[in-house]
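As a plain string of letters, each chain reads:
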Amino acid sequence: MSYKETCIVCDGQNKKGIHVFQHFICMDCHNDLIQTETNDEKYKFYVDQLKKIGENKIYS
């Protein structure tokens with residue numbers, strides 16, 4: 001059985017990626033993210049998606 005996780009950036013399911021503060025980023029998004037220039041249209045999208053990492057979640 002292969003376990004897939006949901007990417008915080010693209011919401012896709014993938015097995016390979018990295019974890020940042022318990023959030024998963026797939027390798028495709030990771031590679032695209034590190035190659036994106038700050039003046040690229042995708043840059044703001046990535047910044048907005050990565051803001052989810054800092055959101056506080058309250059579990060009851």
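This text follows the structure it describes.
Because the structure is a prediction, the values reported are computed rather than measured.

Another aspect to go through is the pairing of strand β4 (residues 23–26). With burial as the criterion, each face of β4 is covered, one bearing His23 and Ile25 and the other bearing Phe24 and Cys26. Sheet topology places strand β3 (residues 17–20) next to β4; four bridges connect them, and they run antiparallel. Bridge assignment links Gly17 to a residue of β4, and that residue is Cys26. Counting the residues between successive antiparallel strands, the hairpin from β3 to β4 contains two residues, one of them, Phe21, with a positive phi of roughly 50°.

In this structure, Phe21 takes a positive phi of about 50° despite not being glycine. Relative accessible area serves as the criterion here: at 70%, Phe21 is assigned to the exposed category. Located in the positive-phi region is Gln22, a residue other than glycine, with phi close to 70°. With respect to the element layout, Gln22 can be found in the loop between β3 and β4.

Thresholds, definitions, all that
- Residues numbered from 1 in each chain as written.
- Predicted model: local features only at pLDDT ≥ 70, side-chain atom pairs only at ≥ 80, totals over all residues.
- Heavy atoms only, no water.
- Buried < 20%, exposed > 50% of the residue type's maximum accessible area, 1.4 Å probe, protein only.
- Helix = DSSP H or I, 4+ residues; strand = E, 2+ residues; numbered from the N terminus.
- Pairing = 2+ DSSP bridges.

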